[in-house]
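# A structural walkthrough
Single-letter residue listing:
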Amino acid sequence: MSLLSTLGLSIRAGTRCLVEDVHFSLAPGDRLGLVGESGSGKSLTALALLGLLPPGLVASGSVRLAGQQVIGRPDRQIAPVRGAVAAMVFQDPRAALDPLMTLGAQLAVPIRRRAKAEGRRLSRHDLRDRKIAALERVAIDAPERVLAAFPHQVSGGQRQRVAIAMALACRPQLLIADEPTTALDVSTQAEVLALLDRLVREEGLALLFISHDLPVVAGIAERVAVMAAGRVVETGPVAEIFSTPRAPYTQALIAAARRLDDALGLRR
Amino acid sequence: MTRYLMRRTLVLVLSLIAAGLVLFVLLRLLPGDPAAALLSVGADDAQIAAVRAELGSDQPIAVQLGHFLADLARFDFGRSFVSNAPVAPEILSRLTVTLPLTLAAFALALAFAAPLGILAALRADRWTGAALSALSQLGLAVPVFWIGLMLVWIVAVRARLLPASGFPTEGWSDPIAAARALALPVLTVALVMGASLLRYIRSATLDVLGADYLRHARALGASFPEALIRHGLRNGAAPVISIIGIELASTLLGAVVVERVFALPGLGSMLVLAIAQRDYPSVQGVLMVTTLLVLLIGFAADVVQRLIDPRLRAEERGAS
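What comes next is a walk through the structure. (Residues numbered from 1 in each chain as written. Chains lettered and ligands numbered in written order. Predicted model: local features only at pLDDT ≥ 70, side-chain atom pairs only at ≥ 80, totals over all residues.)

### Examining the overall build of chain A
- For chain A, the count of helices and strands is 11 helices and 11 strands.
- Computed over its C-alpha atoms, the radius of gyration of chain A comes to 19 Å, within 12% of the 18 Å expected for a compact globule of 268 residues.
- Considering chain A as a whole, with its 268 residues, one finds that 45% of them fall into the buried category.
- Across chain A, the fraction of contacts at a sequence separation of at least 24, relative to all contacts at a separation of at least 6, is 64%. (Helix = DSSP H or I, 4+ residues; strand = E, 2+ residues; numbered from the N terminus. Rg over C-alpha atoms; globule rule 2.2 N^0.38 Å. Buried ≥ 20, exposed ≤ 12 C-beta atoms within 10 Å, placed from the backbone. Contact = placed C-beta atoms within 7 Å.)

### Regarding the interface of chain B and chain A
- Taken together, the contact between chain B and chain A spans 21 residues of the former and 31 residues of the latter.
- Mapped onto the side of chain B that touches chain A, the elements with two or more residues apiece are α9 (212-219), α10 (224-261) and α13 (310-319) of chain B.
- Per element, the largest residue contribution to the side of chain B that touches chain A is 6 residues, and it comes from α9 of chain B.
- Broken down by class, the residue content of the side of chain B that touches chain A amounts to 8 nonpolar, 6 polar and 7 charged. (Nonpolar A, V, L, I, M, F, W, Y, C, P; charged D, E, K, R; others polar.)

### A word on the environment of Leu295 of chain B
Residue and element names in this part refer to chain B.
- Position of Leu295 relative to the elements: it lies in helix α12 (residues 280-308).
- Considered as a pair, Leu295 and Ala237 are 58 residues apart in the sequence and their alpha carbons are 21 Å apart.
- Once residues lying within four places of it in the same chain are set aside, the contact partners of Leu295 are Leu12, Ser15 and Leu16.

### Section: the packing of helix α11 (residues 267-276) of chain B against α12 of chain B
All names here are of chain B.
- Put simply, α11 and α12 touch, their axes get as near as 8 Å, and they point 145 degrees apart. Judged by the sense of rotation from one axis to the other, the crossing of α11 with α12 is left-handed. Two secondary-structure elements touch here, α11 through Leu267, Met270, Leu271, Ala274 and Ile275 and α12 through Ser282, Val283, Val286 and Thr290.
- By residue class, the composition of the contact of α11 with α12 is 7 nonpolar, 2 polar and no charged. (Axes fitted to C-alpha atoms, helices over the stretch in contact; angles between N-to-C directions. Left-handed = near helix turned anticlockwise from the far one by under 90°.)

### A closer look at the sheet that holds strand β7 (residues 86-89) of chain A
All names here are of chain A.
- Judged by pairing direction, the sheet is mixed, and its 6 strands sit side by side in the order β7-β8-β9-β4-β10-β11 without closing on themselves. At either end of the open sheet lies a strand with only one pairing partner, and these are β7 and β11 (231-237). Each strand of the sheet is rotated relative to its neighbour by a mean of 15 degrees, with strand direction disregarded.
- Sitting on the sheet, helix α1 (residues 42-49) is in contact with β4 (31-35), β7, β8 (174-178), β9 (206-211) and β10 (223-228), with an inclination near 150 degrees to β8.
- Of the strands in this sheet, β7 and β8 touch helix α7 (residues 156-169), which is tilted by about 175 degrees from β7. (Pairing = 2+ DSSP bridges.)

Structure, rendered in structure tokens:
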């Protein structure tokens, strides 16, 4: 059974169609990259998967998370599916974390929710241990300091690590990462990417990795879906997409990536 | 934080002294001699000189300034030119009308503006939100005195539920009569204040609703109400609090109109009367007390904002 499947997913703003007839599916452990330029509808698609589209945007078609239909269900029925089945890491951790709460307090929320769902109550001590373990899992050096800090007091990379720790604390089966490294500086990008890759493998999670950067996606995903102007123009295994791209848009995308590599002298 | 409080207090005191200086200069720039204003037309030079000596206005300006500041520090605003009664106790008794009026109106305004403002934001794309927005716009557009007069007409004249104007001469020793007298003025001010608060609360809520941290919390499994309460309230409150400070101060100063409409013996009506009668000590006293209150409100708003937002505290640490 597939963990996530969409069928004919479309997103409209009034009469304008932003995303049209998207379909893909992920089995447990699958790693799918969703590639496309900005404005191609990748992020909206990701939000629609969790039923979190901003007001004014309407999704139609079908999105099933662990067998449960997301589209058209009232929010309070979808809320328990979020986190438990699929958790999300956002593009800009500075905006995604509450500026007025310590990182420790924010990390505690999904940990407590998970424990409650499992029918356990955590003592203060347990909670603290779990918070520290969660931060160590995402390779944060000084967990105590980071727990007490507010988001503006740590680096961008650390903020994104905390956001990843929060997502993992939900113990989801699927991680949706929406351009998780775009807001970070280049050296941190590689670290966070490697961390994400390792954690997804170790936890056996399914991954939906969204990026405009085809080479990055190729490094972390097994399959790629290429989006352009709100439609999926091509889907296939990474190697196949790179060697024999069929859609003109994919060919252009690969050519652009190659040109960039040439210009940087990275091509081997 | 202690350091900040100390510095902020110093700023408060300095602002108060600066306000006192401005007032001192302005009162002495006014045309005419206060002594002449005090006496009837046709007083002879000896009488004027005697009054000047009594007022101290025959002394050098620096000495006058020194006395003025020393008196201010003791909250001694002198005696009224008109009644010869000390000004400070009069101000205190007037405050027992103006402060309850302002604070009760503020509490009432917040009590209806907060839930309605949040509702207006949550229902922004539905008719309830549009209706609330339109109503608050109307509340802003309509003058205070008109609302007051309408309330008087409906509640006092037609329904005869509450007194139309006045305040018991014995003040709060008859609390029920005093409260009944204040009911309509409070409602009037609350409606006007609430209309503008509602708009600010609505826009702060809209900001929060579009924020990434709210979506993030929900993406990890928080229900919408849970996320809104945990992250929305404080993030939405921070900008509203600075507005609340300004609103509260302007209501305090704007009470003049409402006090006129309802013939209340408040600070505003005292100021209007004192200006008409050229009663400088009273003018000066009322202005100093309202300045102090406005400064205190600003102080409180700043401190509360700092308590809510760690980024402001960090700035402080970086600066010192």
